[in-house]
Amino acid sequence: ALCGGVASDQHGAVGPVAGHVLSKPSRSNPNGRGLDPGSSINFGATPVGSAGTATVVFSNVSTGLGVITGITVTGAAFKSAGVPLLPYSVYPNQTLQIQIGYQPSGVAADTGQLVVSFDGSPSVTVGLQGKGIAFAYQVTQSGSTAPFSA
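Residues numbered from 1 in each chain as written. Predicted model: local features only at pLDDT ≥ 70, side-chain atom pairs only at ≥ 80, totals over all residues. Heavy atoms only, no water.

Novice: An account of the side chain of Asp-110 is needed here, citing residue identities and associated values.
Specialist: Residue placement: Asp-110 occurs in strand S9 (residues 109-118). For the buried residue Asp-110, which engages in no salt bridge, the nearest side chain bearing the opposite charge is Lys-79, 10 Å off. A distance of 2.7 Å separates polar atoms of two side chains, one belonging to Asp-110 and the other to Tyr-102. Not counting the four nearest positions on each side in its chain, Asp-110 is found in contact with Ala-77, Phe-78, Tyr-102, Pro-104, Leu-128, Gln-129, Gly-130 and Gly-132. (Helix = DSSP H or I, 4+ residues; strand = E, 2+ residues; numbered from the N terminus. Buried < 20%, exposed > 50% of the residue type's maximum accessible area, 1.4 Å probe, protein only. Lys, Arg positive; Asp, Glu negative; His and termini not counted. Salt bridge = Lys/Arg side-chain N within 4 Å of Asp/Glu carboxyl O. Polar contact = N/O pair within 3.5 Å; in protein donor to acceptor, adjacent residues only side chain to side chain. Contact = heavy atoms within 4.5 Å.)

Novice: How would you explain the nonpolar core if you had to name every residue and give the values?
Specialist: For soluble globular proteins, the rule of thumb is that nonpolar side chains tend to be buried together. One finds Phe-58, Ile-68, Ile-71, Ile-100 and Leu-114 to be the most contacted residues of the largest nonpolar core, which totals 21 residues. Of all elements in the fold, only strand S3 (40-47), strand S4 (52-60), strand S5 (66-74), strand S8 (95-102), S9 and strand S10 (121-133) reach the threshold of two or more residues within this core. The greatest single-element share of this core, amounting to 4 residues, is contributed by S8. (Core = buried A, V, L, I, M, F, W, Y, C linked by side-chain atoms within 4.5 Å.)

Novice: For the sheet that holds S3, give the residues involved together with the corresponding values.
Specialist: Taken together, the 5 strands give an open sheet; going across it, the order is S3-S10-S9-S5-S7, and neighbouring strands pair in mixed fashion. Each having just a single partner strand, S3 and strand S7 (88-90) make up the two edges of the open sheet. On average, adjacent strands in this sheet sit at an angle of 25° to one another, irrespective of strand direction. (Pairing = 2+ DSSP bridges. Axes fitted to C-alpha atoms, helices over the stretch in contact; angles between N-to-C directions.)

Novice: Tell me what's going on with the pairing of S5, and back it up with residues and numbers.
Specialist: Across 3 bridges, the pairing between S5 and S7 is antiparallel. When the bridges of S7 are listed, Val-67 appears paired with Ser-89. Taken together, the 6 bridges between S5 and S9 define a ladder with antiparallel strand orientation. The residue of S9 that forms the bridge with Thr-74 is Gln-113.

Novice: Explain unusual backbone geometry to me, and be specific about the residues and the numbers.
Specialist: With an omega of 5°, the peptide bond between Leu-86 and Pro-87 qualifies as cis. Relative to the elements of secondary structure, Pro-87 occurs in the loop between strand S6 (78-81) and S7. Located in the positive-phi region is Asn-93, a residue other than glycine, with phi close to 65°. Counting through the fold element by element, Asn-93 comes out in the loop between S7 and S8.

Novice: Help me get a handle on the confidence of the model for the protein chain, residues and values and all.
Specialist: Across the protein chain, the average pLDDT comes to 75, with 67% of residues at 70 or higher. When mean pLDDT is taken per element in the protein chain, S6 scores highest with 96 and strand S2 (residues 22-23) scores lowest with 48. Within the model, the stretch residues 6-21 combines pLDDT values under 50 with 72 contacts to residues more than four positions away or in other chains. Taken as a whole, residues 23-35 scores under 50 in pLDDT and shows 36 contacts with residues more than four places along the chain or in a different chain. (pLDDT = per-residue confidence, 0-100.)

Novice: Outline the environment of Gln-97, listing residues and values.
Specialist: By the element assignment, Gln-97 lies in strand S8. The spatial distance from the C-alpha of Gln-97 to the C-alpha of Phe-58 is 6.3 Å, given a sequence separation of 39 residues. Each residue touching Gln-97, except ones within four places of it in the same chain, is listed here: Thr-55, Val-56, Val-57 and Gly-82.

Novice: An account of the pairing of S8 is requested, with residue identities and associated values reported.
Specialist: Each regular strand shows side chains that alternate between the opposite faces of the sheet. The alternating pattern of S8 places Leu-96, Ile-98, Ile-100 and Tyr-102 on a buried face, while none of Thr-95, Gln-97, Gln-99 and Gly-101, on the opposite face, is buried. Relative to S8, S4 is paired through 8 bridges, and the arrangement is antiparallel. For Thr-53, the partnering residue across the bridge sits in S8 and is Gly-101. As paired elements, S6 and S8 share 4 bridges and run antiparallel to each other. Within S8, the residue paired with Phe-78 across the bridge is Tyr-102.

Below, the structure written as structure tokens:
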């Protein structure tokens, strides 16, 4: 089974589908948690002119060869990086990492999709979400930090 996951402290992702398990590692759960198909990687509020990134990790946890036949990112504010020439073979106990970037061009909500196709299995679609904001700042008092955004 070829598995995928989103390795990020601040973004959501997708989960089990036909032998492909997408999960999201976090500080509290470094092995990740399964996320449901149709859910989203949420970049949250991101100031216009800055960017957010999520790392997607595909791991082959089986004894056979896993083949990724397609990786597509849609939505004008979202871009992929590190996508190899496809189809791409992931050997047993090996991984493939790609990045999904979010860079809002204006103050608005942005949506897109990450679609991953596998040889011999259904494609997996993950929503991409982010919200461009005008600015963000933090106020610190007596050693505590409180984030604000507008």
